[in-house]
Amino acid sequence: MAGHSDNVLALPTFDRPTRVLIVIAPYYGAISAAQLASARAVLDGAGVAHETVEMPGSLEIPTAIGIAHRQADFDGYVALGCVIRGRTSHYDVVVNESARAIATLGLAGACIGNGIITVENMEQAEERADADRLDTAGGAAAAALHLIALARTMRKADTGVGFKPGSFHHDAATKGPTVA
């Protein structure tokens, strides 16, 4: 996830249509509304089409992204949610496992901006969700766009499978195959 930086990268531009799925766990209504508005504003500003799905909690966000990555045609994803520390170790499980799963999906090729904010209290959550202050959701949307742009520029050349056309033929003199 992009953080609060004094060196904000310009959003990439795309030469073909780009689709992003926002996956949000709207556990805290006002925080979620602010996150969603900010992420959508960044995507709209970049001219990127987007859809939104809601999940019951932050632990379900990576699973939803994994399903969409396997079964749908999205170029990237924005994960949004808010986890506020409580009195039990459940906070640690949600924070660590959602981050681990999102990182694993990213390493497998999914372009994900992680905007799940993890905080100690509501005041910190409000600061991170506010587009005029830390704007973690806008940063996550921008991060997803940068990853999509990187993935599009880092495509490997299509080399086909097996031998290159015309490089394999049968040599009558040796009664066997030769590779040119």
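To be clear, the structure that these remarks concern was listed above.
None of these values were measured; they are calculated from a predicted model.

The rules behind each value
Residues numbered from 1 in each chain as written. Predicted model: local features only at pLDDT ≥ 70, side-chain atom pairs only at ≥ 80, totals over all residues. Heavy atoms only, no water. Helix = DSSP H or I, 4+ residues; strand = E, 2+ residues; numbered from the N terminus. Expected span 1.5 Å × (residues − 1). Buried < 20%, exposed > 50% of the residue type's maximum accessible area, 1.4 Å probe, protein only. Salt bridge = Lys/Arg side-chain N within 4 Å of Asp/Glu carboxyl O. Core = buried A, V, L, I, M, F, W, Y, C linked by side-chain atoms within 4.5 Å. Contact = heavy atoms within 4.5 Å. Pairing = 2+ DSSP bridges. Right-handed = clockwise from strand over helix to strand, strands pointing away.

## Considerations on helix H5 (residues 136-153)
In an α-helix, one turn spans 3.6 residues; hence positions three or four apart end up facing the same way. An ideal rise of 1.5 Å per residue puts 26 Å on 18 residues; H5 measures up with 26 Å between its terminal C-alpha atoms. Burial within H5 is extensive, with 13 of its 18 residues counted as buried.

## As for unusual backbone geometry
Of note in this structure, Asp-135 is not a glycine but carries a positive phi near 45°. Within the element layout of this structure, Asp-135 appears in the loop between helix H4 (122-129) and H5. Taking the relative accessible area as the measure of exposure, Asp-135 reaches 18% and is therefore buried.

## Digging into the pattern of salt bridges
Under the defined criterion, the tally for this structure stands at seven salt bridges. Across the pair Glu-120 and Arg-85 runs a salt bridge, and its minimum N-O distance is 2.9 Å. One end of the pair, Glu-120, is in the loop between strand S4 (112-119) and H4; the other, Arg-85, is in the loop between strand S3 (76-84) and helix H3 (90-107), and 35 residues separate them in sequence. Judged by its relative accessible area of 41%, Glu-120 is partly exposed.

## Brief notes about the nonpolar core
Core analysis: the largest hydrophobic core is formed by 19 residues, its most contacted members being Ile-61, Ile-65, Tyr-77, Ala-79 and Ile-112. Those elements giving two or more residues to this core turn out to be strand S1 (19-24), helix H2 (60-71), S3, H3 and S4. Sorting elements by how many residues they give to this core places H3 first, with five residues. Setting aside its immediate chain neighbours within four residues, Ile-65 contacts Val-23, Tyr-77, Ala-79, Leu-105 and Ile-112. Val-20, Leu-36, Leu-80 and Ala-140 belong to the second-largest nonpolar core, a separate cluster that totals 18 residues.

## Notes on the pairing of S3
Among the nine residues in S3, nine count as buried, and that is most of the element. By the alternation rule, side chains of S3 split into Gly-76, Val-78, Leu-80, Cys-82 and Ile-84 and Tyr-77, Ala-79, Gly-81 and Val-83, which are all buried. The pairing of S1 with S3 spans five bridges and is parallel. By the bridge assignment, Val-20 is partnered in S3 with Gly-76. When S3 meets S4, the two strands line up parallel, connected through eight bridges. Within S4, the position partnered with Leu-80 by the bridge is Gly-115. Note that the unit made of S3, H3 and S4 has a crossover that is right-handed.

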